[in-house]
Amino acid sequence: YIFEDLIRRFSESYGDNAGAHFTSRDIIYLMTDILLNGKDLSNTTEVSVYDMAMGTSQMLTCMEERIHEKNEKTHVICYGQEINEQTFAIAKADILIRNSTNGDEKKIQKLVDEAENLHWGDTLSDDKCKGRTFQYIISNPPFGIEWKREQKEVEAEFKKGALGRFEPGLPKISDSQQLFVLNGLSKLEENGKMAIIQNGSAMFTGDAASGSSEIRRYFLETHDWLEAIIQLPNDSFMNTGISTYIWVFNKSKPKARAGKVQLIDASHCFEQRRKSIGNKRNDISDKCVKLIVKAYAEFKNGEIYGSKDGIYCQSRIFDCSDFGYHKVVVERPLRDEKGEIVYTTDKKTKQKTPQANKDLRDTENIPLKEDIQEYFRREVLPYAPDAWIDESATKIGYEIPMTRYFYEYAEPESIETIEGRISDLEKKIAD
């Protein structure tokens, strides 16, 4: 922990990216326990683990530690890539230092060979693990960082389609986090599992049919790989206080989870630190980890784990299709000065159709599970009887409005209470 705090302080010299490569161990252990939950490694001789933004390699070392707790004889091969050369050097030194060889030349050579699995370079533009797949992926890539520097290489790989890593689409250029998700999915074995940290924008940013929406559609509808999203408590990271989430992907979901996604709100599952470290004011203690892992393992809808008066988390289960919607364009007719509808006539069929008024054009997001025409008759026509749907413009989108699903109504203050507080403030200002 002392070593990691020194790394955090050292990293502050990177300005806006300070601590981008650092994740505290309480969060990492939660990720490892989610990945390994229910896994029997008693007969497993070898396991591969990959971190695409490995920083100083804490995630890889914690994963190795947890695997050895299950079976100390399991050989863990760690792979990783890091863009910052000094951070990469620390990671590579660490993997050499922490393993005992007792002077055995074969062990030394094996250790040196395995250290070569850690690479320095930009994961998005210069993939050093091309062609490899892994059983486990654990990572906290940067979010809110643009990929303009890698644009040429990323777009070239996107054009490869299924042969590249970014087949379904490209997110907005101001945020690269979804590119890391696609990179990870392309490197997961057929029974592989990935835990990756992202911020909230990855759940909803991007309109229907946009690159971001198509990426969500890719792992929700096309492949059914998203298993769970866990909301972490605010102020859990040293370099940011914003809401962050662990996304869990599984390429071989159990039958009970097929076509389903579990959302876990663990924003109340923390213990406050006696003294903060940077922005980190809250710890996910062992007690909290057990509650969250239990919620994940039991896979129950609406269940609350812990006490709502203190530390707790809540689980909800959804169909993948619950996150999809049709975005339909609703048109209204153009009218002339007399208020009469303006028509256009088809030259071939001579059929007259109302001309659309662009100023009155609107859109509706209709859940995939709902019939479009029925929704239109119920929600639109009573208020705009002359409206119609431009069916040629209908698009499919996907978003995961997690905050809405766990929203709890709080009674606002009474007017009398607010007036009293304002009067008190006015008196203080006057004094």
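Residues numbered from 1 in each chain as written. Predicted model: local features only at pLDDT ≥ 70, side-chain atom pairs only at ≥ 80, totals over all residues. Heavy atoms only, no water.

K.L.:
When you look at the environment of aspartate 207 in this model, what are you seeing that I'm missing?
P.N.:
Tracing the backbone shows aspartate 207 in the loop between α8 (201-204) and α9 (211-222). Each C-alpha atom, one on aspartate 207 and one on glycine 397, is 6.9 Å from the other, the two residues being 190 residues apart in sequence. With residues near it in sequence (within four places) discarded, aspartate 207 still touches Ser213, Tyr325 and Lys327. At 2.4 Å, the side chain of aspartate 207 forms a polar contact with the side chain of lysine 327. (Helix = DSSP H or I, 4+ residues; strand = E, 2+ residues; numbered from the N terminus. Contact = heavy atoms within 4.5 Å. Polar contact = N/O pair within 3.5 Å; in protein donor to acceptor, adjacent residues only side chain to side chain.)

K.L.:
Help me understand the packing of aromatic side chains, please; the structure alone is not making it clear to me.
P.N.:
Remark: the centre distance and the inter-plane angle together describe each pair of aromatic rings, the angle taken between the planes. Tallied over the entire structure, the rule returns 9 aromatic pairs. Ring centres of tyrosine 218 and tryptophan 225 lie 5.7 Å apart, and the angle between their planes is 90°; this geometry places the pair in the edge-to-face category. We note arginine 257 situated over the ring of tyrosine 296; from NZ or CZ to the ring centre the distance is 4.5 Å. (Phe/Tyr/Trp six-rings, centres within 6.5 Å; stacked < 30°, edge-to-face > 60°. Lys NZ or Arg CZ within 6 Å of the ring centre and 35° of its normal.)

K.L.:
Honestly, the pairing of strand β6 (residues 226-231) in this entry has me stumped. Any pointers?
P.N.:
On a regular strand, one side chain projects to one face of the sheet and the next to the other, so that they alternate. Counting buried positions along β6 gives 6 out of 6 residues, so the element sits mostly inside the fold. Relative to strand β8 (residues 260-265), β6 runs parallel, the two being bridged by 4 bridges. The partner of glutamine 231 across the bridge, within β8, is aspartate 265. (Buried < 20%, exposed > 50% of the residue type's maximum accessible area, 1.4 Å probe, protein only. Pairing = 2+ DSSP bridges.)

K.L.:
Looking at this model, I keep getting lost on the nonpolar core. Mind explaining?
P.N.:
Soluble, globular proteins show a tendency: their nonpolar side chains are buried together. The biggest cluster of nonpolar side chains holds 48 residues, and the ones touching the most others in it are Leu30, Val49, Ile246 and Cys313. Per-element accounting of this core gives the leading share, 8 residues, to helix α2 (residues 25-36). Once residues lying within four places of it in the same chain are set aside, the contact partners of valine 49 are Leu60, Met63, Ile67, Val76, Ile77, Cys78, Tyr79, Tyr136 and Ile138. Judged by nonpolar contacts, the second largest core, of 42 residues, contains Tyr79, Leu220, Leu226 and Ile229. (Core = buried A, V, L, I, M, F, W, Y, C linked by side-chain atoms within 4.5 Å.)

K.L.:
I keep staring at a nonpolar patch on the surface and nothing clicks. Help me out?
P.N.:
A cluster of nonpolar residues, Leu96, Ile97, Ile108 and Val112, forms a patch on the protein surface that exposes about 340 Å² of accessible area. Secondary structure elements with two or more residues in the nonpolar patch: α4 (85-97) and α5 (105-115). Relative to the helices and strands, isoleucine 97 resides in helix α4. (Patch = residues over 30% accessible without salt bridge, like charges linked within 9 Å, V, L, I, M, F, W, Y side chains within 5 Å. Areas by Shrake-Rupley, 256 points an atom, 1.4 Å probe, with all protein chains shown as cover. Salt bridge = Lys/Arg side-chain N within 4 Å of Asp/Glu carboxyl O.)

K.L.:
Would you explain the pattern of salt bridges in this entry?
P.N.:
It is possible for side chains bearing opposite charge to pair when their charged atoms get close. One pass over the full model with this rule turns up 28 salt bridges. In this structure, glutamate 157 engages arginine 165 in a salt bridge whose closest nitrogen and oxygen atoms are separated by 2.9 Å. The exposure class assigned to arginine 165 is buried, which follows from its relative accessible area of 7%. When the shortest N-O distance is used, the salt bridge between lysine 280 and aspartate 283 registers 3.4 Å. Using a relative accessible area of 2% as the deciding quantity, one classes lysine 280 as buried. Overall, aspartate 283 belongs to the partly exposed group, its relative accessible area being 21%.

K.L.:
Explain the sheet that holds strand β13 (residues 324-331) here, please?
P.N.:
Sheets are built from strands that pair by backbone hydrogen bonding, the pairs being arranged parallel or antiparallel. The sheet built from 3 strands is open, its strands ordered β16-β13-β17 with antiparallel pairing. In the strand order of this sheet, the two ends are held by β16 (362-367) and β17 (388-398), each with one partner. On average, each strand axis in the sheet is tilted by 25° relative to the strand beside it, whichever way the strands run. Where β13 lies against β17, 7 bridges are found, and the strand directions are antiparallel. Note that in β17 the partner of tyrosine 325 across the bridge is glycine 397. (Axes fitted to C-alpha atoms, helices over the stretch in contact; angles between N-to-C directions.)

K.L.:
Explain unusual backbone geometry here, please?
P.N.:
Note: most residues except glycine have negative phi, and most peptide bonds are trans. Not every positive phi belongs to a glycine, and serine 57 is a case in point at roughly 80°. Exposure remark for serine 57: the relative accessible area of 3% places this residue in the buried category. Within the chain, lysine 350 stands out as a residue other than glycine whose phi angle is a positive 65°. Position of lysine 350 relative to the elements: it lies in the loop between β14 (343-345) and β15 (352-354).

K.L.:
I keep staring at the pairing of β13 and nothing clicks. Help me out?
P.N.:
For β13, the tally of buried residues reaches 8 of 8 residues, placing the bulk of the element in the interior. Judged by which residues are buried, β13 turns out to be covered on both faces: Gly324, His326, Val328 and Val330 on one side and Tyr325, Lys327, Val329 and Glu331 on the other are all buried. As judged from the 6 bridges shared by β13 and β16, these two strands associate in the antiparallel manner. Bridge assignment links tyrosine 325 to a residue of β16, and that residue is proline 367.

K.L.:
Explain the packing of α2 against helix α3 (residues 58-70) here, please?
P.N.:
A pair of packed helices can be characterised by two numbers: the angle between their axes and the separation between those axes. Two numbers describe how α2 lies on α3: the axes approach to 9 Å, and their chain directions differ by 50°. It follows from the interaxial angle that α2 and α3 lie oblique. Crossing hand, α2 versus α3: right-handed. Each of Arg25, Ile28, Tyr29, Met31, Thr32, Asp33, Leu35 and Leu36 in α2 lies in contact with α3, whose residues at this interface are Gln58, Met59, Thr61, Cys62, Met63, Glu65, Arg66, Ile67 and Lys70. Residue composition of the contact of α2 with α3, grouped by class: 9 nonpolar, 3 polar and 5 charged. (Parallel < 35°, antiparallel > 145°, perpendicular 65-115°, else oblique. Left-handed = near helix turned anticlockwise from the far one by under 90°. Nonpolar A, V, L, I, M, F, W, Y, C, P; charged D, E, K, R; others polar.)

K.L.:
I'm lost on helix α7 (residues 177-186) in this one. Help?
P.N.:
Every α-helical turn comprises 3.6 residues, leaving residues that sit three or four positions apart pointing alike. Counting buried positions along α7 gives 9 out of 10 residues, so the element sits mostly inside the fold. Restricting attention to buried positions, one finds in α7 the residues Gln177, Gln178, Leu179, Phe180, Val181, Leu182, Asn183, Gly184 and Leu185.

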